[in-house]
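# Reading the structure
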Amino acid sequence: MSGARVARPGRRRMRTVSRTVTYLLLAAATILMVAPWVWALSTSFKRSQDVFSPESGIIPAPFSLQAYERIFTETPFGTYAMNSVIVTACVVALNVLFDSCAAYAFAKLRFPGRDVLFWLLMITMMIPMQVNLIPLYRMMVWAHRYFPWFGVDTLAGIIAPGVVQVFGIFLMRQFFMSIPDSMLEAARLDGASEFQILRRIVLPIAAPGLATLTIFTFLGTWNDFLWPLLVSSSESTRTLPVGLALLARKNSVDWPGTMAGAVVSAVPMVIVFLLAQRKFIDGLTAGSTKE
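Calculation notes
- Residues numbered from 1 in each chain as written.
- Predicted model: local features only at pLDDT ≥ 70, side-chain atom pairs only at ≥ 80, totals over all residues.
- Heavy atoms only, no water.
- UniProt positions renumbered as here; feature names shortened; annotations may be inferred.
- Helix = DSSP H or I, 4+ residues; strand = E, 2+ residues; numbered from the N terminus.
- Patch = residues over 30% accessible without salt bridge, like charges linked within 9 Å, V, L, I, M, F, W, Y side chains within 5 Å.
- Areas by Shrake-Rupley, 256 points an atom, 1.4 Å probe, with all protein chains shown as cover.
- Salt bridge = Lys/Arg side-chain N within 4 Å of Asp/Glu carboxyl O.
- Buried < 20%, exposed > 50% of the residue type's maximum accessible area, 1.4 Å probe, protein only.
- Phe/Tyr/Trp six-rings, centres within 6.5 Å; stacked < 30°, edge-to-face > 60°.
- Axes fitted to C-alpha atoms, helices over the stretch in contact; angles between N-to-C directions.
- Parallel < 35°, antiparallel > 145°, perpendicular 65-115°, else oblique.
- Contact = heavy atoms within 4.5 Å.
- Nonpolar A, V, L, I, M, F, W, Y, C, P; charged D, E, K, R; others polar.
- Polar contact = N/O pair within 3.5 Å; in protein donor to acceptor, adjacent residues only side chain to side chain.
- Expected span 1.5 Å × (residues − 1).
- Lys, Arg positive; Asp, Glu negative; His and termini not counted.
- Charge placed at Lys NZ, Arg CZ, Asp CG, Glu CD.

## Description of the UniProt feature "transmembrane region" (unreviewed entry) in the protein chain
In the numbering used here, UniProt assigns the "transmembrane region" (unreviewed entry) feature to residues 21–40, 85–107, 116–135, 155–176, 197–219 and 255–276. As a span, residues 255–276 carries 100% helix and 0% strand, and end to end its C-alpha atoms are 32 Å apart.

Shown next, in the form of structure tokens:
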């Protein structure tokens, strides 16, 4: 009995030490993640001459909105933002539509070569995007010759490569496979078509998966830099990441303006995550526990 009494305080001390170390590590990681954003937000409200001044601290003194005024008056920032909204909205909507349809076919329909085709798609996920840039660009150049509204230096050319994503097909297929086949068979016996089953039964059940796909696609498209930089060559087709990069001048960098642009471009991402965070977390944790 005395040994057990001695062991219990020892275990409690070990648990306390373990929790303390865990909290300290989490606090350090949080500081590392938040510090750049705090610096960016603070810099966006400073004057250019105060950014690296020894007297300048985290709190801007004096507080200035010149950087925000500058990016909207001296650059076509509104055009960049509108292009990003159009591109991101189209890519997200088309991804949710086409990825869901393809995932439903791979998960619930039977056709020759289904598994072989699916694994071929999985293999393409191992190919880096940079390897496909030159072939994609040549395709856009060829398409632009016959369809001026499509191809290089067009919003449609920026949107096209992101319309369907293999990761989205894989993600939604995993959600659809958890839906019992008996439920779908009952709907077929009632005369429902495959599209009606997908729209009225499968997609509502897989709402967390749709939210996860939406957020991943939104973040990836909104922050995409390399492909829009390669395809767009005029102010009318550039997106926010490309426009922010152009704020860096030849011999100097407008740090307050660049940080102001970064803060403005981050606002939609924060809003989308806050609106869909519950479904997003449900989608990430789906399947982690068994009943």
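## What about a nonpolar patch on the surface?
Taken together, Met33, Val34, Val38, Ile58 and Ile59 make up a surface patch of nonpolar side chains, about 510 Å² in accessible area. Mapped onto the secondary structure, Met33 falls in helix H1 (residues 2–44). Take Met33: its relative accessible area is 62%, and that puts it in the exposed class.

## Notes on the packing of aromatic side chains
By the definition in use, this model includes 14 aromatic pairs. For the pair Trp149 and Phe150, a centre-to-centre distance of 5.6 Å together with 65 degrees between the ring planes defines the contact as edge-to-face. Trp149 gets classed as exposed once you look at its relative accessible area, which sits at 59%. Seen from their ring centres, Phe167 and Phe216 are 6.0 Å apart, and the 75 degrees between their planes marks the pair as edge-to-face.

## Digging into the packing of helix H3 (residues 77–108) against helix H9 (residues 194–205)
Running from N to C, H3 and H9 point in directions that differ by 100 degrees, and their axes come no closer than 11 Å. In terms of orientation, H3 and H9 fall into the roughly perpendicular class. Across the interface between the two elements, Ser100, Cys101 and Tyr104 of H3 pack against Glu194, Ile197, Leu198, Val202 and Leu203 of H9. Within the contact of H3 with H9, the residues separate by chemical class into six nonpolar, one polar and one charged.

## Let's talk about the side chain of Ser64
Structurally, Ser64 is set in the loop between H1 and helix H2 (66–73). A polar side-chain atom of Ser64 sits 3.1 Å from the main-chain amide nitrogen of Gln66. Look past the residues within four positions of Ser64 in its chain and what remains in contact with it is Ser44, Phe45, Lys46 and Arg47.

## Describing helix H7 (residues 166–177)
Over its 12 residues, H7 runs 16 Å from end to end, which matches the ideal 16 Å to within 8%, given 1.5 Å per residue. Taken residue by residue, H7 has Gly168, Ile169, Leu171, Met172, Arg173, Phe175 and Phe176 as its buried positions.

## Brief notes about the side chain of Ser232
As for its position among the elements, Ser232 is in the loop between helix H11 (226–231) and helix H12 (240–245). Exposure remark for Ser232: the relative accessible area of 7% places this residue in the buried category. A polar atom in the side chain of Ser232 sits 2.4 Å from the backbone oxygen of Pro228. For Ser232, the residues in contact, after removing those within four places along its chain, are Asp153, Ile158, Thr237 and Arg238.

## Comments concerning unusual backbone geometry
We note that Asp153 has phi near 60 degrees; this positive angle belongs to a residue other than glycine. Its place among the elements puts Asp153 in the loop between helix H5 (129–146) and helix H6 (155–159).

## Points about the pattern of salt bridges
Scanning all chains against the criterion turns up seven salt bridges. Between Arg188 and Glu194 there is a salt bridge; the shortest N-O distance is 2.7 Å. A relative accessible area of 30% means that Glu194 is categorised as partly exposed. In the salt-bridge network here, residues are joined through shared partners; they are Glu185, Arg188 and Glu194.

## Focus: the environment of Gln174
Following the sequence through the fold, Gln174 ends up in helix H7. A residue is classified by how much of its surface remains accessible, and Gln174, at 37% relative accessible area, is partly exposed. Sequence spacing of Gln174 and Glu74 is 100 residues, and the spatial spacing of their C-alpha atoms is 48 Å.

## A look at a positive patch on the surface
Taken together, Arg11, Arg12, Arg15 and Arg19 make up a surface patch of like positive charges. By the element assignment, Arg12 lies in helix H1.

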